[in-house]
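For reference, the chains in residue letters:
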Amino acid sequence: MSDRQFVLRSRRVVTPDGTRPASVVVEDGRITAVTGHAAPPGPGVPVEDLGDDVLLPGLVDTHVHVNDPGRTEWEGFATATRAAAAGGVTTLVDMPLNSVPPATTVEHLRVKRDTARPAVHVDVGFWGGAVPDNRADLRPLHDAGVLGFKAFLSPSGVDEFPPLDAAALEAVAAELAAFDGLLIVHAEDPERLDGAPGPDGPRYAGFLASRPRDAENAAVERLVDVARRHGTRVHVLHLSSADALGTLAAARAAGVRITAETCPHFLTLTAEEVPDGATEFKCCPPIREAANRDALWAGLAAGTVQCVVSDHSPCTADLKVPDFGRAWGGIASLQLGLPAVWTEARRRGHTLDDVARWMATAPAALAGLAAKGAVEPGRDADFAVLAPDETFTVDPAALYHRNPVTAYAGRTLSGVVRSTWLRGRRIHHRGALTEPTGRLLERA
């Protein structure tokens, strides 16, 4: 297959105008045309016919904790991006914390980039961090190319990335508004968390009670107020409480610049099915009840929630002790997001057009990655080829992320990623991956 020009043909190509039979013309790593299925290629131009397999835009996962450097034993750029490629993800954006140092200064960002550059199998962008003492670093980080700024309103779980109190949140929001930076926020209110019962012990019900919905709801209300007063672009990370959907919808209708994401585990798993002691299901905010899951799907369908991203937050297996108070909180799912979401989406009557919008187009738009997220001329030739009707059972040992722990172990999912293409090169095919060819992305 020529790197310079070739055609991918499928009876099902997911485009911004819907799924249809088409031929996608690729030249020098970019999509140059999307033509009729039977359109003849130019003289000597090779064609690969995918048959009934679906050609999707490569997924864009804007919420990934790579942890490298500093906690590379949890995850690293090489292993995370291998998992991404195997799961049809062609672009990920790395969170600024859980690595040491965190990306809270330009120098710390340089360390991350230098670590990532030789190792990445997919394209990688970076969020900067907003912490109480780095307001003067925000504009330099923006100028250095970060895609936005991550902040916590409650403790992050690591000492080197403290949360913003009310005064610091106001200061950060005002600073970012001055240059139209994006603020992305872990939204749980610390006072309501402090007032909840402790999560100690193996019972999932106890852990769920320790992270109540009202902590999320209050934090979202505060972010709406901040966004309204300062005009700051604000994005709510990993929305778990469906009770906050009304607040978000009303704010957007009033012109407040606020968006939200949710995650595959909130859309596919439920509190009722989590066994006691099964801390591979622990994450913050938590997996909630089935009725809450149904309401989140309704929020997606209505457009109140725009993005579905992994919040891949892995750790070593020894940190998942069977005590919800002591175990590390995070779901490892980077490779499984597409089949997990598709399995539940198709059951609810959604299409792969919807999945592509939630998992590729909207996250690319959020991060300002104009070359990513859709199969249309002018975009990068990033593709996931999916057999949507094939099923598989999740075997943690067969996953590419560093530690074989996942909440999806033993689940049967629909949708097998046949191959993944990055800027016109096939980087994954039926379980085999090429050497790293990913690039580091900066804000345009």
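Residues numbered from 1 in each chain as written. Predicted model: local features only at pLDDT ≥ 70, side-chain atom pairs only at ≥ 80, totals over all residues. Heavy atoms only, no water.

Once that is clear, we can look at the packing of aromatic side chains. In this structure the tally under the stated criterion is nine aromatic pairs. Seen in terms of ring centroids, Phe207 and Phe324 are 5.6 Å apart; in terms of plane orientation they differ by 20°. Their pairing is stacked. One end of the pair, Phe207, is in helix α6 (residues 204-210); the other, Phe324, is in the loop between β14 (307-308) and α11 (337-347), and 117 residues separate them in sequence. Across the pair, Phe324 and Phe207 agree in class, each one buried. Cluster of aromatic residues (ring-pair linked, three or more members): Tyr204, Phe207 and Phe324. Looking at Arg71, its charged tip hangs above the ring of Trp74, at a distance of 5.4 Å from the centre. (Phe/Tyr/Trp six-rings, centres within 6.5 Å; stacked < 30°, edge-to-face > 60°. Helix = DSSP H or I, 4+ residues; strand = E, 2+ residues; numbered from the N terminus. Buried < 20%, exposed > 50% of the residue type's maximum accessible area, 1.4 Å probe, protein only. Lys NZ or Arg CZ within 6 Å of the ring centre and 35° of its normal.)

The next point concerns the side chain of Asp323. Here Asp323 is to be found in the loop between β14 and α11. Ignoring anything within four residues of it in the chain, the contact list for Asp323 reads Asp200, Gly201, Pro202 and Thr279. (Contact = heavy atoms within 4.5 Å.)

What follows concerns the packing of α11 against helix α12 (residues 352-367). Relative orientation of the contacting elements α11 and α12 amounts to 135°, with a least axis distance of 10 Å. It follows from the interaxial angle that α11 and α12 lie oblique. As α11 runs across α12, the sense of the crossing is right-handed. For the pair α11 and α12, the contacting residues are Gly337, Leu338, Val341, Trp342 and Ala345 in the first and Leu352, Val355, Trp358 and Met359 in the second. Looking at the contact of α11 with α12 residue by residue, the class counts come to eight nonpolar, one polar and no charged. (Axes fitted to C-alpha atoms, helices over the stretch in contact; angles between N-to-C directions. Parallel < 35°, antiparallel > 145°, perpendicular 65-115°, else oblique. Left-handed = near helix turned anticlockwise from the far one by under 90°. Nonpolar A, V, L, I, M, F, W, Y, C, P; charged D, E, K, R; others polar.)

Reading across the sheet, the three strands line up as β6-β7-β8 and stay open at both edges, with parallel pairing between neighbours. Each having just a single partner strand, β6 (59-64) and β8 (123-126) make up the two edges of the open sheet. Shown here is a sheet whose adjacent strand axes are inclined to one another by a mean of 20°, direction ignored. Where β6 lies against strand β7 (residues 89-94), four bridges are found, and the strand directions are parallel. Bridge assignment links Asp61 to a residue of β7, and that residue is Leu92. (Pairing = 2+ DSSP bridges.)

Scanning the model with the defined rule gives zero disulfides in all. A disulfide-free cysteine, Cys307 has its sulfur positioned 10 Å from the sulfur of Cys263, the nearest such atom. Cysteine Cys315 remains unbridged, with the sulfur of Cys284 as its closest cysteine sulfur at 12 Å. (Disulfide = S-S within 2.5 Å.)

Right, let's talk about the pairing of β7 for a bit. Judged by how many residues are buried, β7 sits mostly within the fold: six of six residues are covered. After leaving β6, the chain enters helix α1 (residues 77-86) and then returns to the sheet as β7, a path that is right-handed. As paired strands, β7 and β8 are joined by four bridges and run parallel to one another. Bridged to Asp94 within β8 is Phe126. In this region the chain leaves β7, passes through helix α2 (residues 106-116) and returns to the parallel neighbour β8; the handedness of that crossover is right-handed. (Right-handed = clockwise from strand over helix to strand, strands pointing away.)

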